[in-house]
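A look at the structure
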Amino acid sequence: MTLKIRFACLFLLLCQSILAQKDSINNLKEVLVSDANLKKYSNSQSVLKLNDSIIGKNEALLTDLLNFNSTLYFKEYGRGMLSTVSFRGTTSSQTAVIWNGININSQMNGSTDFNTISGSDYNSVSVKAGGGSVIYGSGAIGGTVHLNNDMSFYKRFENNLRLDYGSFNTVGINYKTNISNEKWSAQIGFSKNSSTNDYKYLNRYTWRGEQRWNQNGQYDVIIMNANVGYKINAKNSLKLYTQTSNTDRNTSLITETETKSKYVNGFNRNLLEYDGNFGKLIANFKTAYIFENYQYYADNSKNQYTYGKTESFISKADLGYTLFKSTQINGIVDYNRTKGYGSGFGDNTREIGSAALLIKQDFSTDWKNEFGIRKEFTDNYKSPVLFNLGSSYRFNKLYNLKLNLSRNFRIPTFNDLYWEQGGNPDLKPESSYQAEIGNVFTFKNISLTQTFYYIKIKDLLQWVPGSNGIWTPQNRDKVNSYGAETLLSWKKQYGKNIFGANASYAYTASKDEETKKQLFFVPFNKVTGSVSYSRNRISAYYQFLYNGFVYTRADNNPDEIIKDYTLSNIGIDYDFKFLDSFKLGIQVLNIFNENYESLEDRPMPGRNFNMYLTLKF
């Protein structure tokens, strides 16, 4: 324990180091970003971008990448099982996941399972802290997670293959190819992550003294991507993004006497995008079709299941106009039609229209301001008027001040509105006000960011038992969430030796306004950190994660908690320089063999290993 505490103290003041590829000034490579508004309207908020070098140092599924490299807190129902997130003390459905500019949170339950997503399928993964409902709609209260596939238009033919094999018969395959020239750009990818997942529980035995282990924990996640871009001319381009996934996953048993069950879910996403640049006028049109489904087998031995499906059609028009040299205006209108049907909520259709106005004003290179307003229209609920107001001012090379104020919301889901025996069609959207102050200090190779925030949420949806004993959702709670996030990064090169260090610290207080109790499954403290070293063909790194204790009951009973835990990983690889790159590496995960869990009675694995081979050609 003493060694762990020393590591915690060492990394407490370090933060995320983001390394960007630098091209020659005389050989600029054209890239069309998949979500232009992420950069354009986020000057007053903190955006953390995780590129390929960071993604490659973590396990394949998105939970592990974000857990060790951001302030997000994850609750897992066992390794590889359902994984939900808490951002700034909010619920799992109050963090929006954005795929190439489109909100892809489930229409059935309002959240995203991060263990069904592979971070390696994207050019970059970005985390934007704070409200974003004006641009991204429902759920963007605590923050947003962005999955981006940017298109490059220069001559290239690149292939990336990564093979993983680890403890518990864990197998990972990820293949990506990029083919492009000045007119065309294509990306094709395939990933598969599977495991028998039969790890032993540390220091846990049956009443007979037999070793307990993770039973019925097998999982298999398959994802396929195909993206194509075409530059019609210098001013016009088309892009098509497609993604298909299937997750076949058993559900780990809490006790050996439970009936074995499994959960199968998948999605198909298709997005067609047009970009037009006509000088002062910039046009962007998106049309998307998103299909999601699940099947739940309460007994693996029987071919009987409950199911749910949704089909969403999204159309979005974004027109931007440069009013003055320093002022840009964007008008956005979109339409979303979702049809849902299933054994739990019947057959229902929801149509939503919205209009938004965004204004960006740069008084100078040092002073940037942004403003946005949005209103939704539907018969299913009454939407509040949403707004965002932000400012960023750089006083000098050392200090940058950021201010942001916003109103955000989350709409009721199909389960909330239509669930048979309990759904409530009279629900109101959850609404929140948020204010934050960010301080960014930069000195030579050191960057420090300190952000303070306050969120006031009303009409929080909560499922409660009714007079007839049937649970039903109601707008009951009011929640105040406040805290601080600290980020610090450092990078230095001495000859051929390259050193890097990064870390983050989050303090989060999220309390029910009436009881003054901390929300359950929201830790007061979280710390992440890592150090890396590379020279010539060899590179090595160390990762650190500390999650503070969490309450598991609304009354904050001190006897009903998940204890705090500390995790450490190490990794090393060597590049044999065969073809473009041929790396062979090994990772040791949970090197101190920590006995921990993030959910009651859902133990996580002890020390385990992973070997990988990365080939680029």
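Description of the structure in this document. (Residues numbered from 1 in each chain as written. Predicted model: local features only at pLDDT ≥ 70, side-chain atom pairs only at ≥ 80, totals over all residues. Heavy atoms only, no water.)

Right, let's talk about the nonpolar core for a bit. Within the largest apolar cluster, 31 residues are counted, with the highest numbers of intra-cluster contacts made by Leu-62, Leu-66, Leu-72, Phe-114, Val-125 and Leu-147. Of all the elements in the fold, those that place two or more residues in this core are strand 2 (47-50), helix 3 (52-55), helix 4 (62-69), strand 5 (95-99), strand 7 (124-129), strand 8 (143-148), strand 9 (151-153) and strand 18 (281-297). If near-sequence neighbours (up to four positions away) are discounted, Leu-72 is found in contact with Leu-66, Asn-67, Val-85, Ser-86, Phe-87, Val-127, Val-145 and Lys-526. With 16 residues, the next largest nonpolar core counts Ile-98, Ile-135, Ala-140 and Ala-356 among its residues. (Core = buried A, V, L, I, M, F, W, Y, C linked by side-chain atoms within 4.5 Å. Buried < 20%, exposed > 50% of the residue type's maximum accessible area, 1.4 Å probe, protein only. Helix = DSSP H or I, 4+ residues; strand = E, 2+ residues; numbered from the N terminus. Contact = heavy atoms within 4.5 Å.)

Our next topic: a nonpolar patch on the surface. Taken together, the side chains of Tyr-165, Ile-538, Ile-572, Tyr-574, Phe-576, Phe-578, Leu-579, Leu-584, Ile-586, Phe-609, Met-611 and Phe-617 present a nonpolar region at the surface, about 1,100 Å² in accessible area. The set of elements that each furnish at least two residues to the nonpolar patch consists of strand 33 (565-575), strand 34 (581-589) and strand 35 (608-616). Judged by its relative accessible area of 38%, Phe-617 is partly exposed. (Patch = residues over 30% accessible without salt bridge, like charges linked within 9 Å, V, L, I, M, F, W, Y side chains within 5 Å. Areas by Shrake-Rupley, 256 points an atom, 1.4 Å probe, with all protein chains shown as cover. Salt bridge = Lys/Arg side-chain N within 4 Å of Asp/Glu carboxyl O.)

Here the focus is the sheet that holds strand 2. Within the open sheet, the 5 strands sit side by side as 2-7-8-5-6. Their pairing is mixed. Lying at the two open borders of the sheet, with one neighbouring strand each, are strand 2 and strand 6 (102-103). Where strand 5 lies against strand 8, 5 bridges are found, and the strand directions are parallel. From the neighbouring strand, Val-97 faces strand 8, where its bridge partner is Val-145. (Pairing = 2+ DSSP bridges.)

Overall, the coordinates contain 8 cavities of 30 Å³ or more when judged by the stated rule. Taken as a whole, the largest cavity holds about 410 Å³ of empty space. Lining the largest cavity are 27 residues, with Asn-103, Gln-107, Tyr-136, Ser-138 and Asn-336 sitting closest to its centre. Listed by contribution, the elements that provide at least two residues to the lining of the largest cavity are strand 6, helix 5 (133-136), strand 19 (306-324), strand 20 (327-342), strand 21 (346-362) and strand 22 (367-377). (1 Å grid on protein atoms, 1.4 Å probe; cavity = no way out; pocket = protein on both sides within 12 Å on 5 of 7 lines; lining within 4 Å. Points joined across faces, edges and corners; volume = space filled by probe spheres on them.)

What follows is about the packing of aromatic side chains. Enumeration over the complete set of coordinates arrives at 26 aromatic pairs. The interplanar angle of 15° and the centroid separation of 5.6 Å between the aromatic rings of Tyr-263 and Tyr-294 together place this pair among those described as stacked. In this pair, Tyr-263 is assigned in strand 17 (residues 262-278) and Tyr-294 in strand 18, connecting sequence segments 31 residues apart. Taken together, the aromatic side chains of Phe-363, Trp-367, Tyr-393, Phe-395, Tyr-399 and Phe-441 make up a single cluster linked through ring pairs. Here the basic side chain of Lys-75 rests over the ring of Phe-521, its NZ or CZ set 4.6 Å away from the ring centre. It is Arg-162 that lies over the ring of Tyr-612; its NZ or CZ is 4.2 Å from the centre. (Phe/Tyr/Trp six-rings, centres within 6.5 Å; stacked < 30°, edge-to-face > 60°. Lys NZ or Arg CZ within 6 Å of the ring centre and 35° of its normal.)

We now examine helix 4. For helix 4, the buried fraction is high: 8 of the 8 residues fall into the buried class. Buried within helix 4 are the following residues: Leu-62, Thr-63, Asp-64, Leu-65, Leu-66, Asn-67, Phe-68 and Asn-69.

Right, let's get into the side chain of Glu-376. With respect to the secondary-structure elements, Glu-376 resides in strand 22. A distance of 3.0 Å separates a polar atom in the side chain of Glu-376 from a polar atom in the side chain of Arg-374. When residues no more than four places from it in sequence are discounted, the contact partners of Glu-376 are Ile-352, Gly-353, Ser-354, Tyr-381, Ser-383, Phe-409 and Ile-411. (Polar contact = N/O pair within 3.5 Å; in protein donor to acceptor, adjacent residues only side chain to side chain.)

With respect to the helices, strands and loops of the structure, Gly-217 is situated in the loop between strand 14 (211-213) and strand 15 (219-231). When its relative accessible area of 1% is taken as the criterion, Gly-217 is described as buried. The sequence separation of Gly-217 and Asp-248 amounts to 31 residues, and the corresponding C-alpha distance is 11 Å. In this view, Gly-217 contacts Met-81, Thr-196, Asn-197 and Ser-252; residues no more than four positions away in its chain are not counted.

Before going further, it helps to spend a moment on unusual backbone geometry. The phi angle at Phe-521 is positive, at roughly 60°, despite the residue not being glycine. You can see Phe-521 is positioned in the loop between strand 28 (497-512) and strand 29 (525-535). At Asn-590, a residue that is not glycine, the phi angle is positive and equals roughly 55°. Within the element layout of this structure, Asn-590 appears in the loop between strand 34 and strand 35.

With that settled, the discussion passes to the pairing of strand 8. Within strand 8, 6 of the 6 residues are buried, leaving the element largely enclosed by the surrounding structure. Alternating positions in strand 8 separate into two faces, Gly-143, Val-145 and Leu-147 on one and Thr-144, His-146 and Asn-148 on the other, with burial throughout. Here strand 7 runs beside strand 8; their pairing, made up of 6 bridges, is antiparallel. Each residue of the ladder has a partner; that of Ala-129, found in strand 8, is Gly-143.

Enumeration according to the criterion identifies 22 salt bridges in this entry. With a closest N to O distance of 2.8 Å, Glu-256 and Arg-212 form a salt bridge. Within this pair, whereas Glu-256 is found in the loop between strand 16 (236-250) and strand 17, its partner Arg-212 is found in strand 14, the two being separated by 44 residues in sequence. Take Glu-256: its relative accessible area is 34%, and that puts it in the partly exposed class. Exposure remark for Arg-212: the relative accessible area of 16% places this residue in the buried category. Note that Lys-286 and Glu-273 form a salt bridge whose closest N and O atoms lie 3.2 Å from each other. Highlighted residues: Lys-286 in strand 18 and Glu-273 in strand 17, separated in sequence by 13 residues. Given a relative accessible area of 2%, Glu-273 falls into the buried group. Overlapping salt bridges, with partners in common, bring together Lys-239, Glu-273, Asp-275 and Lys-286 in one network.

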